[in-house]
Amino acid sequence: PREKVAFRWKFPQNLDLALGLNNPKRFTLKPVVRKLIGGDYTLEDGVTSIERKRGVAELYSNLFTSDRPRFLDALKRLANTHLYSYLWVEDTLASFKRGATAYQDDRTIAVDGEEVWAALLQVCNPLRISVSCIGKVLTPAARRQVGANAVRLLLIDKLTVEGYLP
């Protein structure tokens, strides 16, 4: 993965998922690290993918600097290679309201978080990429919880496409 080990989401080896009132199913997982065409996390079948962003400052860099064309291309690949596409921001909506600081050209600048949020939705909505703020993910326990939630989402979309879930 591209992120530092300390910030990596932790994925469970086994995950129980309720597929109905009295129908729990246990999935055994074996994470594989490899380059993906679009997104940061997916299952082998590629039905669903999750793109991960660390927060307001990273999105500012992706949307308002020379990095924008690369970011837009990555989002288009995400949308075009997966049936369901998600962008999970490891931050809160309140952070977008407050704004942030970012580093550009060796200087610190104030970032208008609401402008970043509006620009993000303007890009993601036409591509049918669902954007969610999942809160700060700072501790090992939080990384395990987010990893388990990501796997649940990926599995639910896969099982829906395969006709196991309505």
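A brief structural summary. (Residues numbered from 1 in each chain as written. Predicted model: local features only at pLDDT ≥ 70, side-chain atom pairs only at ≥ 80, totals over all residues. Heavy atoms only, no water.)

### Overview of helix α5 (residues 140-161)
Argument step 1. Taking 1.5 Å as the rise per residue, α5 with 22 residues should run 32 Å; its terminal C-alpha atoms sit 32 Å apart, in good agreement.
Argument step 2. Within the span of α5, buried status applies to Arg143, Val146, Gly147, Ala148, Ala150, Val151, Leu153, Leu154, Leu155, Asp157 and Leu159.
Argument step 3. Where the residues of α5 are buried, they touch β1 (14-18), β2 (24-28), β3 (41-42), β4 (48-53) and β5 (84-89).
Argument step 4. After α5 finishes, the residue Gly163 shows a positive phi value of roughly 90°. (Helix = DSSP H or I, 4+ residues; strand = E, 2+ residues; numbered from the N terminus. Expected span 1.5 Å × (residues − 1). Buried < 20%, exposed > 50% of the residue type's maximum accessible area, 1.4 Å probe, protein only. Contact = heavy atoms within 4.5 Å.)

### Remarks on the nonpolar core
Argument step 1. Counting 22 residues, the largest nonpolar core has Leu59, Leu63, Leu75, Leu87, Val116 and Leu120 as its most contacted members.
Argument step 2. Residue assignment for this core shows that the elements contributing at least two residues are α1 (56-64), α2 (68-81), β5, β7 (107-111), α4 (113-124) and β8 (129-133). (Core = buried A, V, L, I, M, F, W, Y, C linked by side-chain atoms within 4.5 Å.)

### Topic: the packing of aromatic side chains
Argument step 1. With the rule as written, the count across this model stands at 5 aromatic pairs.
Argument step 2. Here the aromatic rings of Trp9 and Trp88 are separated by 5.7 Å at their centres, their planes lie at 45°, and the arrangement is tilted. Taken together, the positions of Trp9 in the segment before β1 and Trp88 in strand β5 put the pair 79 residues apart, joining distant regions of the chain.
Argument step 3. A relative accessible area of 9% places Trp88 in the buried class.
Argument step 4. Put simply, the rings of Trp9, Phe11, Tyr41 and Trp88 touch in pairs and so form one group of aromatic residues. (Phe/Tyr/Trp six-rings, centres within 6.5 Å; stacked < 30°, edge-to-face > 60°.)

### Focus on unusual backbone geometry
Argument step 1. Even without a glycine there, the phi angle at Arg128 is positive, about 60°.
Argument step 2. A relative accessible area of 74% means that Arg128 is categorised as exposed.

### Describing the environment of Lys97
Argument step 1. Residue placement: Lys97 occurs in helix α3 (residues 93-98).
Argument step 2. A sequence separation of 61 residues divides Lys97 from Leu36, and the C-alpha atoms of the two residues are 32 Å apart.

### With respect to the side chain of Ser49
Argument step 1. Tracing the chain through its elements places Ser49 in strand β4.
Argument step 2. The contact partners of Ser49, leaving out residues within four places of it in the chain, are Gly38, Gly39, Asp40, Tyr41, Thr42, Leu78, His82, Tyr84, Ser85, Tyr86 and Leu154.

### Observations regarding the pattern of salt bridges
Argument step 1. As enumerated under the stated definition, the model contains 11 salt bridges in all.
Argument step 2. Its salt-bridge partner being Asp91, residue Lys136 comes within 3.3 Å of it at the nearest N-O pair. Here Asp91 lies in the loop between β5 and α3 and Lys136 lies in the loop between β8 and α5, a separation of 45 residues in the sequence.
Argument step 3. On the accessibility criterion, Asp91 (4% relative accessible area) is buried.
Argument step 4. Within the structure, one salt-bridge network assembled from shared partners comprises Asp45, Lys158 and Glu162. (Salt bridge = Lys/Arg side-chain N within 4 Å of Asp/Glu carboxyl O.)

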